[in-house]
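Here is how the chains run, residue by residue.
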Amino acid sequence: MRLLHGRYHDKFKSMELGEARLVLKKGGDLYLNVVFRQTIMLPEISADAKIIAIDINENAIVYGNDDFIEKFETNEGIIRTRYFLKRRRIQSKIRGRGLRARLLGKYRGRKWRRIREIYYKVAKEVIGKAREVGATVIVMEDLKRLNEEDKGSRELNGRIHRWSYRRFQQILEYQAKFHGLNVKYVEPAYTSSLCPICGDELEESSNGRRLRKCRRCGLEEDRDAIAVKNLTKRYYEECMDAKTP
Ligand SMILES: [Zn+2]
């Protein structure tokens, strides 16, 4: 039997020690599972806070507020398509059921690890940016508030996409709180179809596929940037609503 030590022990040095347990793994390796605890004071969710709002689509994660917009190309849709094709090839070419199941499982694991790695990278970038601009709250869409109609809309098409968005939210929420940032989920409906300035309904622009324009006030912008601005606006609106009962 071998006693293996964890790779991340440095990060835990300042933390409170909780319970410890020995775990015997297949192959005879023995692990010591230790729970570490750290109490973090989170900043207030208030109308005075500076925030960063985040929108996610199939191939990019877009974040910012009224002052800046950043885009992180995840190419998640492309990765998914590639693994989907691989999966189809395995299903048509591999006869043996056991081998087929093993291969499918292997590629599923590999796909999810790739996507998760990207999510961690984005989370790190967002947190770094929050520090840089002095933002203390991360704002995301509250997927639980989506009604059936929204679920079928273009913004969040597909069950897999929503599931994947939720996984990203969980990663970012954990990382954000760990680094002393608070997290708030806001109303998700119509974030990329309403004008963030005047609230009018937006139209597709003839100048570009992802552009939306507002007839009333003349705004013309990328739909992801519009979503980020609407989420920003909703954060402050919901903070004000909470104050006035
Ligand atoms: Zn407008």
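Our structure is the block above this text.
About the criteria used
Residues numbered from 1 in each chain as written. Predicted model: local features only at pLDDT ≥ 70, side-chain atom pairs only at ≥ 80, totals over all residues. Heavy atoms only, no water. Helix = DSSP H or I, 4+ residues; strand = E, 2+ residues; numbered from the N terminus. Expected span 1.5 Å × (residues − 1). Buried < 20%, exposed > 50% of the residue type's maximum accessible area, 1.4 Å probe, protein only. Arc of directions from axis to C-beta. Pairing = 2+ DSSP bridges. Contact = heavy atoms within 4.5 Å. Axes fitted to C-alpha atoms, helices over the stretch in contact; angles between N-to-C directions. Phe/Tyr/Trp six-rings, centres within 6.5 Å; stacked < 30°, edge-to-face > 60°. Lys NZ or Arg CZ within 6 Å of the ring centre and 35° of its normal. Polar contact = N/O pair within 3.5 Å; in protein donor to acceptor, adjacent residues only side chain to side chain. Parallel < 35°, antiparallel > 145°, perpendicular 65-115°, else oblique. Nonpolar A, V, L, I, M, F, W, Y, C, P; charged D, E, K, R; others polar.

## Digging into helix α1 (residues 76-93)
In step 1: Look at α1: 26 Å from first C-alpha to last across 18 residues, which is about the 26 Å you get at 1.5 Å a residue.
In step 2: Among all positions of α1, only E76, G77, I79, R80, Y83 and I90 are buried. The buried side chains of α1 occupy one side of the element, clustering within an arc of 150° when seen end-on. Summarising the geometry of α1, the exposed residues directed more than 90 degrees from the buried face are S92 and K93.

## Section: the sheet that holds strand β10 (residues 211-213)
In step 1: Spatially, 3 strands are ordered β9-β10-β11 in an open sheet, and the strand pairing comes out antiparallel. Of all strands in the sheet, those bounded by a partner on one side alone are β9 (203-204) and β11 (220-222).
In step 2: Sheet strands touched by helix α5 (residues 223-243): β10 and β11. Its angle to β11, the strand with the most contacts, is close to 95°.

## Some details on the packing of aromatic side chains
To describe a pair of aromatic rings, one takes the distance between the centres and the angle between the planes.
In step 1: Tallied over the full model, the rule gives 6 aromatic pairs.
In step 2: Taken together, a centroid distance of 6.4 Å and an interplanar angle of 50° make the contact between Y83 and Y107 tilted. Highlighted residues: Y83 in helix α1 and Y107 in helix α2 (residues 97-133), separated in sequence by 24 residues.
In step 3: Looking at Y83, the relative accessible area reads 10%, which means it is buried.
In step 4: An aromatic cluster of at least three residues, connected via ring pairs, comprises W112, Y119 and F168.
In step 5: Sitting above the plane of the Y31 ring, K25 keeps its charged end 4.3 Å from the centroid.
In step 6: Sitting over the face of the ring of Y107, K106 holds its NZ or CZ atom 5.4 Å from the ring centroid.

## Let's talk about α5
In step 1: Look at α5: 30 Å from first C-alpha to last across 21 residues, which is about the 30 Å you get at 1.5 Å a residue.
In step 2: The residue sitting at the N-terminus of α5 and contributing the capping side-chain oxygen is D222; that oxygen lies 2.8 Å from the backbone nitrogen of D224.

## Concerning unusual backbone geometry
In step 1: Located in the positive-phi region is N75, a residue other than glycine, with phi close to 55°.
In step 2: Structurally, the position occupied by N75 is in the loop between β6 (69-73) and α1.
In step 3: Judged by relative accessible area, which is 33%, N75 ranks as partly exposed.
In step 4: A positive phi is found at Y190, a non-glycine position, where the angle reads about 55°.
In step 5: The residue Y190 is located in the loop between β8 (182-186) and β9 in this model.
In step 6: Accessibility expressed as a relative area gives 38% for Y190, which makes it partly exposed.

## Remarks on the packing of α1 against α2
In step 1: With their axes 10 Å apart at the nearest point, α1 and α2 run at an angle of 175° to one another. The pairing of α1 with α2 is recorded here as roughly antiparallel in orientation. Contacts between α1 and α2 pair E76, I79, R80, R82, Y83, K86, R87, I90 and Q91 from the former with R100, L103, L104, Y107, R108, R110, K111, R114, I115, I118 and Y119 from the latter.
In step 2: Class assignment for the residues of the contact of α1 with α2 results in 9 nonpolar, 1 polar and 10 charged.

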